Amino acid sequence: YGCSPPLTSQDDWKGVVPSKTIFVAGILDEKYTSIGRKWESIGGISKFVQVPNAGHALIVEEPTTISTIINGFVKDEIVDESRAISDISPPVEKLLPPPALDSTTIDAKAYAVGLMEFEAFSITIGSSDGNGVQGIGWGSSARAENKLQRREGFIVSIASSNGKAVGVGEVSPLKGLHKETLEDAESQLRLIKDYLASAAELPKFNAEEVLSLNGSLSIFITEIVTMAGIDPILVATSVKSGLEMAILSVASQLYGSFLPQSLAANHWQKDLLSIPSSSFGLLPINGLITRGETLETISGSVGRVSKNINFGSVKVKIGHDDVDVDIRTLRGLRQSPSSVGQIKLRGDANRAWNRPLADTFAAELKRLDSSVFESIEFIEEPLMKQSLDGEWSIERQVAALDDFTRRGGMPYALDESLADLAEIHAYNFDRIAHDLRAVFGGQERACTAFVLKPALLGLELSMQIASLAQKEFKINAVFSSSFDSGIGLAFTAILASVVDNSPFSTRMTKYSHGLGTFSMLGGDTLSPPFETYVNQEGMLNVPSLSRALYGLSLDEISDRLPTYNAVPSANEPAVTSTESESYLATTSSEGRDITVSVSLPLPFSDSIASSRFTDLPQMSRWSPWLNSVTYLDEAGLTEWNLNIRGVKFSWKAKSEVLNEPKGIKWESVSGLKNRGVVEFEPTSDNNCIMKLKMSIIMPYILVSLFQGMPSVVQEFLQNKLLKWSLEMFRDVVKADLALERGDNELGDALFGAVEGRANALEEALK
């Protein structure tokens, strides 16, 4: 791994695998030799090397020595996979525990989901003309005149009931694909959120069983939606898939490994330690040309449509237009000078053609350009829905598609037909499998691939169908997006990676997966966005993407911070207040968003108060729950570390000293989300009032520690943590001033009172 050194030895490196990491420092560089020894002592690295006679600028000072060290490490590296997996730790700021499961002692009902939140997103969709994409969806929505300009949905966040694991998912129904509307999905999410927030006893799950994707995940979600008052038959498919994503992410953290390894170990019933971390490397994905695109608008360039990525395979939306136009587009792409090597092509007709038109397409393409014909991997659903007396069956559809391939020699793949079959059987895998076995079992079919959309079918059902197809039908799966944002794309990619590395895929043709829709997103819910994990050859870095998902929460995706006002407005949920002669406080909250306003008279001037309080490294003197505050630069960037009930938090914040009135304001830029302002308003030459306004989003783990959320947290913040801290600030400054004027007796007495209050606060925190 190559990475920048952390700012302090307490910092963590995201996704570092100790057995694959070497730490090199110049022996004259005291800071980083100290950090290297620390990391070596805790087993955080494989090897620590000190370069003689070198300081901080190693590559400049000793380039030959450094290259020799790295070359030797890479060549001689022996990977201990058990260590490579078990030693992976997420960042400190994510507050995730070490692996929590022991397969020999696990309680089948050990874990429950806790708090659920969701937030809306809206992303522009653009093609070559910048005005959306055409022909997205199935049925009439697949026509070129239908345009999609925005992708809207919700990001769902679910935490385990103990607050130690959190996962996200995407709920984004697509018109023309999903039956439900965005409003339907939001209504169901609210019911589920309210149920989880108020339930006296939450449903529990076995993490290993959920990760096995053998039906346990669907059973668990059915239990949740039923208790939330939703008929399981009516639960929106987009809502179910979003819940699956979040719960699988939570389960993988409780299992103690990244999601690909967790799914592979449990779905394929393999020992986790037998799955090399190198199994999940680069995943091939295909580019996409949508309907309405022509050779003129795309300038014959695959790379231009796909943000200069040279995909090895490109899918073209065909059908619902003139056959000659479709053929000309395919030939132009294949012959484009911007195409690197011989790209493979696939078409997606979305059931556009009757049999004569489909036959014409295949015959004309073969006649005009046999090389392009041979480059076609398959055509997705070339034929219209095959019904008899208004009744459709998978057997009739596949028989017609087989005839199409036999007549024209062009392979096909199933897509809509699998979704239709799932809907007929209410997404029951056993019934779906029964019909598929009747059609594909024991007889040779011309079907080349099953195209699976997890956002529509669900993640668990998609994996079950993919496993069945590989194991029993010798047909591979292609996982495809539904124009999802980066969150949905990431989970689809992980499923694809697990299936591509299944024990049944060894001798099967593996196809690029349909995730190239990221190139048409005007924004993303992931940061950095999904596209940053794709290289110029159209290969997706699954390990890096998996690390980005591990422990990802809504806090890290959302830019939201609760607002605060000096006096809560009528629309704000003011919950608690405290008033005495010396201390005024008001607290309001909504979910984990808490806003506190407090004030305290001080027996010294605003200048003295401000100068003492804005010396941030002194904070721990009157706030013993703060371990340290450190300046990182001259521009006001600080690093904060605290410990509450044994849980450590850290964050970085930007601060600014104020002059009128005197004080300071701050806002976190990473880690624990909070912001606030402290102002000192003079009441006389020697007195002032300290006013503090602060907003914070409580981490999930603190929500679980304080069982009465929000009232317990509000009470604790208002009448203990902040009240005592402000009073301790007053007494510390009074003690300092007493000692500065030589009144040692008063100074010592005040410091004794501060120490007593610090001890009381420490006990309260326990």
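Above: the structure in question.
Residues numbered from 1 in each chain as written. Predicted model: local features only at pLDDT ≥ 70, side-chain atom pairs only at ≥ 80, totals over all residues. Heavy atoms only, no water.

*Asks:* Mind showing me how you'd approach the overall build of the protein here?
*Replies:* Counting secondary structure elements, the protein contains 26 helices and 28 strands. Residue burial in the protein is summarised as follows: out of 766 residues, 56% are buried. Across the protein, contacts joining residues at least 24 apart in sequence account for 70% of those joining residues at least 6 apart. For the protein, the accessible surface area stands at approximately 32,100 Å², while carbon and sulfur atoms represent 49% of it. (Helix = DSSP H or I, 4+ residues; strand = E, 2+ residues; numbered from the N terminus. Buried < 20%, exposed > 50% of the residue type's maximum accessible area, 1.4 Å probe, protein only. Contact = heavy atoms within 4.5 Å. Areas by Shrake-Rupley, 256 points an atom, 1.4 Å probe, with all protein chains shown as cover.)

*Asks:* Teacher, can you tell me more about the packing of aromatic side chains here?
*Replies:* The description of an aromatic ring pair uses the distance of the two centres, along with the angle that the planes make with each other. In the structure shown here, the tally under the stated rule is 19 aromatic pairs. Seen from their ring centres, Y111 and F205 are 6.2 Å apart, and the 40° between their planes marks the pair as tilted. You can see Y111 sitting in strand β3 (residues 111–124) and its partner F205 sitting in strand β8 (residues 204–205), a full 94 residues away along the chain. The same class applies to Y111 as to F205, namely buried. Through successive ring pairs, a cluster of aromatic residues spans F604, F613, W622, F680 and F729. (Phe/Tyr/Trp six-rings, centres within 6.5 Å; stacked < 30°, edge-to-face > 60°.)

*Asks:* What exactly am I supposed to notice about the nonpolar core here?
*Replies:* Looking at soluble globular proteins, one finds that nonpolar side chains tend to be buried together. Counting residues in hydrophobic clusters, the biggest one holds 145 residues, and the most contacted among them are F450 and L540. For L540, the contacting residues outside a window of four places in its chain are G281, L282, L283, I285, A493, L515, F530, Y533, V534 and L545. W640, F649, L672 and L722 belong to the second-largest nonpolar core, a separate cluster that totals 40 residues. (Core = buried A, V, L, I, M, F, W, Y, C linked by side-chain atoms within 4.5 Å.)

*Asks:* Whenever I open this one, the environment of M227 confuses me. Can you help?
*Replies:* Its location among the elements puts M227 in helix α7 (residues 216–227). Under the relative-accessibility criterion, M227 is labelled exposed at 53%.

*Asks:* Explanation requested: helix α19 (residues 459–473) in the structure shown.
*Replies:* Owing to its 3.6 residues per turn, the α-helix aligns residues three or four sequence positions apart on the same side. The terminal C-alpha atoms of α19, which comprises 15 residues, lie 20 Å apart, in line with the 21 Å expected from a rise of 1.5 Å per residue. Across the 15 residues of α19, 13 count as buried, placing the element largely inside the fold. (Expected span 1.5 Å × (residues − 1).)

*Asks:* Would you take a moment to explain the sheet that holds β3 for this structure?
*Replies:* Adjacent strands of a sheet pair through backbone hydrogen bonds, lying either parallel or antiparallel. With respect to topology, 4 strands assemble into an open sheet ordered β7-β6-β3-β8, the strand pairing being antiparallel. Across the chains shown, the open sheet's two edge strands, defined by having one partner strand only, are β7 (166–171) and β8. Of the pairings in the sheet, the one linking β3 to strand β6 (residues 150–160) comprises 10 bridges and is antiparallel in character. Each residue of the ladder has a partner; that of M116, found in β6, is I158. Docked against the sheet, helix α20 (residues 486–500) engages β6 and β7, running at close to 105° with respect to β7. (Pairing = 2+ DSSP bridges. Axes fitted to C-alpha atoms, helices over the stretch in contact; angles between N-to-C directions.)

*Asks:* Help me out: how do you make sense of the side chain of T525 in this one?
*Replies:* Tracing the sequence through the fold places T525 in the loop between α20 and β19 (539–541). Among the polar contacts listed, one links the side chain of T525 to the side chain of S485, at a separation of 2.7 Å. (Polar contact = N/O pair within 3.5 Å; in protein donor to acceptor, adjacent residues only side chain to side chain.)

*Asks:* I tried to follow the pattern of salt bridges on my own but got confused; where do I start?
*Replies:* Oppositely charged side chains can form a pair if their charged atoms are brought close together. Under the definition given, this model contains 24 salt bridges. Of the charged contacts, one joins D359 and R407 as a salt bridge, the two residues approaching to 2.8 Å between their closest N and O atoms. Here R407 lies in helix α15 (residues 394–408) and D359 lies in helix α13 (residues 355–368), a separation of 48 residues in the sequence. Shared partners join several salt bridges into a network, and the residues in it are K315, K317, D348 and E380. (Salt bridge = Lys/Arg side-chain N within 4 Å of Asp/Glu carboxyl O.)

*Asks:* How do you make sense of the sheet that holds strand β11 (residues 313–317) when you look at a structure like this?
*Replies:* In space, the 7 strands of this open sheet follow the order β10-β11-β12-β13-β16-β17-β18, with parallel pairing throughout. Looking along the sheet, the strands with just one partner apiece sit at the ends: β10 (287–289) and β18 (476–479). Strand-to-strand, the axes of this sheet are offset by a mean angle of 30°, without reference to chain direction. Pairing geometry for strand β13 (residues 376–380) and strand β16 (residues 412–414), over 2 bridges, is parallel. By the bridge assignment, I379 is partnered in β16 with Y412. Strands in contact with α15 are β16 and β17 (447–452); relative to β16, the strand with the most contacts, it is inclined by about 165°.

*Asks:* Sorry if this is basic, but what is going on with the side chain of S417 here?
*Replies:* You can see S417 is positioned in helix α16 (residues 416–424). Overall, S417 belongs to the buried group, its relative accessible area being 0%. In this view, S417 contacts R351, E381, W392, I394 and Q397; residues no more than four positions away in its chain are not counted.

*Asks:* Looking at this model, I keep getting lost on the packing of α19 against α20. Mind explaining?
*Replies:* Each packed pair of helices is defined by two parameters, the angle between the axes and the distance between the axes. Packing of α19 against α20 leaves a shortest axis separation of 11 Å and a crossing angle of 25°. Taken together, the axes of α19 and α20 lie roughly parallel to each other. Between α19 and α20 lies a crossing of right-handed hand. Facing L459, M463, A466 and Q470 of α19, the residues of α20 in contact are F491, L495, V498 and V499. A per-class count over the contact of α19 with α20 returns 7 nonpolar, 1 polar and no charged. (Parallel < 35°, antiparallel > 145°, perpendicular 65-115°, else oblique. Left-handed = near helix turned anticlockwise from the far one by under 90°. Nonpolar A, V, L, I, M, F, W, Y, C, P; charged D, E, K, R; others polar.)

*Asks:* For this particular structure, what's the right way to read the pairing of strand β28 (residues 687–697)?
*Replies:* Put simply, side chains in a regular strand alternate between the two faces of the sheet. Judged by how many residues are buried, β28 sits mostly within the fold: 8 of 11 residues are covered. Pairing of strand β22 (residues 593–602) with β28 involves 10 bridges; the strand directions are antiparallel. If you follow V598 over to β28, its bridge partner there is L692. One ladder, built from 10 bridges, connects strand β27 (residues 674–684) with β28; its direction is antiparallel. Following the sheet pairing, V678 is matched in β28 by L692. Count of turn residues in the β27/β28 antiparallel hairpin: 2 residues.

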